[in-house]
Amino acid sequence: MDEGRSCSTESPQPWYGCGVIFDEMSIQPDLQILNKGGEVKLIGVAGMGSECDAMNTMKKGKSEAKLATHALLFMFRGDTGFRFPFLHFPTTEATAPEIFVNFWKSVCSLSEWGFTVSYVCFDGAVHNRSFKKMHFEQSNEAALRSAFLAPNPFHGSKPVVLMMDPKHLIKKIRNNILRSGFNSHNTRLMKWNAYFITWDMWHDAWHWDCTVNNSVLARLHHRLTDEHIHPSKTQKMHNKLAEDVLDKEMLHLFKAYQKSEGQNGNQLEGAVQLLEQRRLLVEIFNDNRPITSLQDSRLSNLRNALEWFTSWEAGVLREASSSGKTKEKLMSYETRFDLCAAVMGFESLVCRKLQDFPGTSIIPCRVNSDCIENMFCQQRAICHGANDNPTYKQFMHGTNSIILTEDTVTSTKCNTGKAAETFNFRVRQSLKKAISSIVDIYANLMDIAAAVQKRLNICYLLLLPFPLLLLLPLLQPVLIFFAMCKVGSSSWLKGEIDSREGPA
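Since the structure is predicted, the reported quantities are computational estimates derived from the model, not experimental observations.

Cut-offs used in this document
- Residues numbered from 1 in each chain as written.
- Predicted model: local features only at pLDDT ≥ 70, side-chain atom pairs only at ≥ 80, totals over all residues.
- Heavy atoms only, no water.
- Helix = DSSP H or I, 4+ residues; strand = E, 2+ residues; numbered from the N terminus.
- Buried < 20%, exposed > 50% of the residue type's maximum accessible area, 1.4 Å probe, protein only.
- Phe/Tyr/Trp six-rings, centres within 6.5 Å; stacked < 30°, edge-to-face > 60°.
- Axes fitted to C-alpha atoms, helices over the stretch in contact; angles between N-to-C directions.
- Parallel < 35°, antiparallel > 145°, perpendicular 65-115°, else oblique.
- Contact = heavy atoms within 4.5 Å.
- Nonpolar A, V, L, I, M, F, W, Y, C, P; charged D, E, K, R; others polar.
- Core = buried A, V, L, I, M, F, W, Y, C linked by side-chain atoms within 4.5 Å.
- Salt bridge = Lys/Arg side-chain N within 4 Å of Asp/Glu carboxyl O.
- Pairing = 2+ DSSP bridges.
- Arc of directions from axis to C-beta.
- Expected span 1.5 Å × (residues − 1).

Engineer: How do you make sense of unusual backbone geometry when you look at a structure like this?
Structural biologist: Negative phi characterises most residues that are not glycine, and trans characterises most peptide bonds. Although it is not a glycine, Phe148 sits at a positive phi angle of roughly 65°. By the element assignment, Phe148 lies in the loop between helix H5 (140-145) and strand E7 (149-150). At Asn193, a residue that is not glycine, the phi angle is positive and equals roughly 55°. Checked against the element boundaries, Asn193 lands in the loop between strand E9 (190-192) and strand E10 (195-197). Asn193 gets classed as exposed once you look at its relative accessible area, which sits at 51%.

As structure tokens, then:
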């Protein structure tokens, strides 16, 4: 341990840069008994540490125990792509002070091992917004002035960026457009300049595409389905469905539909201009190409998109200054502020990273909460059978199972719409060592067979096939190797084979 902690006294290295991502998952309230090492514990009572328990006791004037309804998970996300869940609590929806205490305790613990936390990423839940305000004098304006850089008490010269999750931002933008329209159930009517922006335009463009192009493969946006246009309450939570209706394919479909409408197509100009900016957010925050310079065009594109939204807001405010009706013509205030937090926060993160460690890079598609969302989906869909509402004890065991044994989520029905990366790692093993291991195992099995033959006094030859049957899974790569050699792939003799192994 002393050897590991000694790295904190040295100058930080670029590969020790990391971020912290946290989110909550609803669980089933239940009190269960855990017997571990002869020690019996009650699992399922909400608690986030002695400091938080003391704060709640001082606030309420009494100490009380409640069953947990949520599980709060903190995940380490390295700049190199490595991720690992390192902390979770049973909660009844964590409050901002509780998140504040445990986040900075996590930063302190990571700094003791030489890691430098550059950013923290979270969604737009109410308590998360309050957590962010605690760092900026309880003021959103102060957060904007500081570009969402909060002072770090453990690294005075390296502030921490507090940024909203870009994937949740895209989903919230889609939800704002869903509520925009002329129908009685719509709560807003978004308008850019003289052009309205309603969800009916997305429906009409999809219907036109389906009518003109009967084949799915021939459609301009072949991924669009009824789930995208008429999402249920559960489907509204899927990030991928929101991205599909705001990406460049949707922009291409709108332009084609606008052209087919002739003069009436001018009514779609507001939606087209909105998609021009939205698709930049989708493209950049899904891009796996590294950003190595502050002059990268993607950073300027993000700034231009943010300026477009800011000018749109300013124009609506000037137009509606007399009537006071601004809410219906714009996205919600929370969404507009989250847009600033995501774009400005990401830009601050890139600036700090490249200034502190010249020559390094940031990969945009890694700066989001997809990794933690995928883990929640694994908890609901894989670890507990047909139970999508596990108890906290099941959540604990499921977390260990995901880390040690589970493979990827291959279904596109998960919230992120793509497979999760596995926690397993690849180990390169030489062919000679693999064959040597198989020979050793076979020799041990033959010794066991000889002992059984001597004890039972049966024919030794009858036991010869049994070790071979047990070795068939291990012999498979060797058989494939010799088959490849048979057809002329003799170069494999000098190569190496890959085998997947979990962490020790």
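Engineer: Sorry, what's going on with the packing of aromatic side chains here?
Structural biologist: What the rule picks out here adds up to 28 aromatic pairs. Ring geometry for Phe100 against Phe131: centres 6.5 Å apart, planes inclined by 65°, an arrangement best described as edge-to-face. With Phe100 in helix H3 (residues 96-112) and Phe131 in helix H4 (residues 126-133), the pair connects residues that are 31 residues apart, well separated along the chain. The exposure class of Phe131 is buried, given its relative accessible area of 0%.

Engineer: Is there a simple way to explain the packing of helix H7 (residues 199-212) against helix H10 (residues 248-260) in this structure?
Structural biologist: The relative placement of two packed helices comes down to the angle between their axes together with the axis-to-axis distance. Running from N to C, H7 and H10 cross one another at 80°; their axes reach a closest spacing of 10 Å. If you check the angle between H7 and H10, you find them roughly perpendicular. For the pair H7 and H10, the contacting residues are Met201, Trp202, Asp204, Ala205, Trp206, Trp208 and Asp209 in the first and Met250, Leu253, Phe254, Ala256, Tyr257 and Ser260 in the second. Per-class residue counts for the contact of H7 with H10 are ten nonpolar, one polar and two charged.

Engineer: Hey, could you run me through the nonpolar core in this one?
Structural biologist: Counting residues in hydrophobic clusters, the biggest one holds 74 residues, and the most contacted among them are Trp202, Leu246, Phe254, Trp312 and Phe346. Ranked by residues supplied to this core, first place goes to helix H13 (residues 333-356) with eight residues. Trp202 has contacts with Ile177, Ile197, Ile229, Val245, Leu246, Met250, Phe254, Ala271, Leu274 and Leu275, leaving out every residue within four places of it along the chain. Residues Ala96, Ile99, Phe122 and Ala341 belong to the second largest nonpolar core, which totals 31 residues.

Engineer: What's the story with the pattern of salt bridges in this structure? I'm lost.
Structural biologist: Charged atoms that come close allow side chains of opposite charge to pair. Under the counting rule described, the total for this entry stands at 22 salt bridges. Here Arg279 ties to Glu276 by a salt bridge, and the two come within 3.8 Å at their closest N and O atoms. In this pair, Arg279 and Glu276 are both assigned in helix H11 (residues 269-284), three residues apart and thus about one turn of the helix distant. For Arg279, a relative accessible area of 22% gives the class partly exposed. Residue Arg289 pairs with Asp287 through a salt bridge whose shortest N-O separation is 2.7 Å. The structure contains a network of salt bridges with shared partners spanning Lys60, Lys62, Glu64 and Lys66.

Engineer: Is there a simple way to think about the pairing of strand E6 (residues 116-122) in this case?
Structural biologist: For a regular strand, the rule is simple: side chains alternate between the two faces of the sheet. Burial analysis of E6 places seven of its seven residues in the buried class, the great majority of the element. In terms of strand pairing, strand E1 (residues 17-26) meets E6 through five bridges, oriented parallel. Paired with Val20 across the bridge in E6 is Val120. Pairing of E6 with strand E8 (residues 160-164) involves four bridges; the strand directions are parallel. Its bridge partner being in E8, Val120 is matched across the sheet by Leu162.

Engineer: Got a minute to help me understand H4 in this structure?
Structural biologist: A turn of α-helix holds 3.6 residues, and therefore any two residues three or four places apart point the same way. Of all the positions in H4, only Asn128, Arg129, Phe131 and Lys132 are classed as buried. Projected onto a plane normal to the axis of H4, the buried residues spread over an arc of 155° and lie on a single side.

Engineer: I'm lost on the sheet that holds strand E4 (residues 70-78) in this one. Help?
Structural biologist: Backbone hydrogen bonds hold the strands of a sheet together, and the pairing may be parallel or antiparallel. Read from one edge of the open sheet, six strands run E5-E4-E1-E6-E8-E7, paired in mixed fashion. Strands at the two margins of the open sheet, each flanked by one partner only, are strand E5 (83-91) and E7. Across the sheet, H3 touches E1, E4, E5, E6 and E8, and the angle it forms with E4 is around 30°.

Engineer: Would you mind showing me how to read helix H15 (residues 392-404) here?
Structural biologist: The terminal C-alpha atoms of H15, which comprises 13 residues, lie 19 Å apart, in line with the 18 Å expected from a rise of 1.5 Å per residue. Residues Tyr392, Phe395, Gly398, Thr399, Ile402 and Ile403 constitute the buried set of H15. Seen from one end, H15 has its buried residues packed into an arc of 130°, which puts them on one side. Buried residues along H15 sit against E1, strand E3 (39-43), E4, E5 and helix H14 (370-381).

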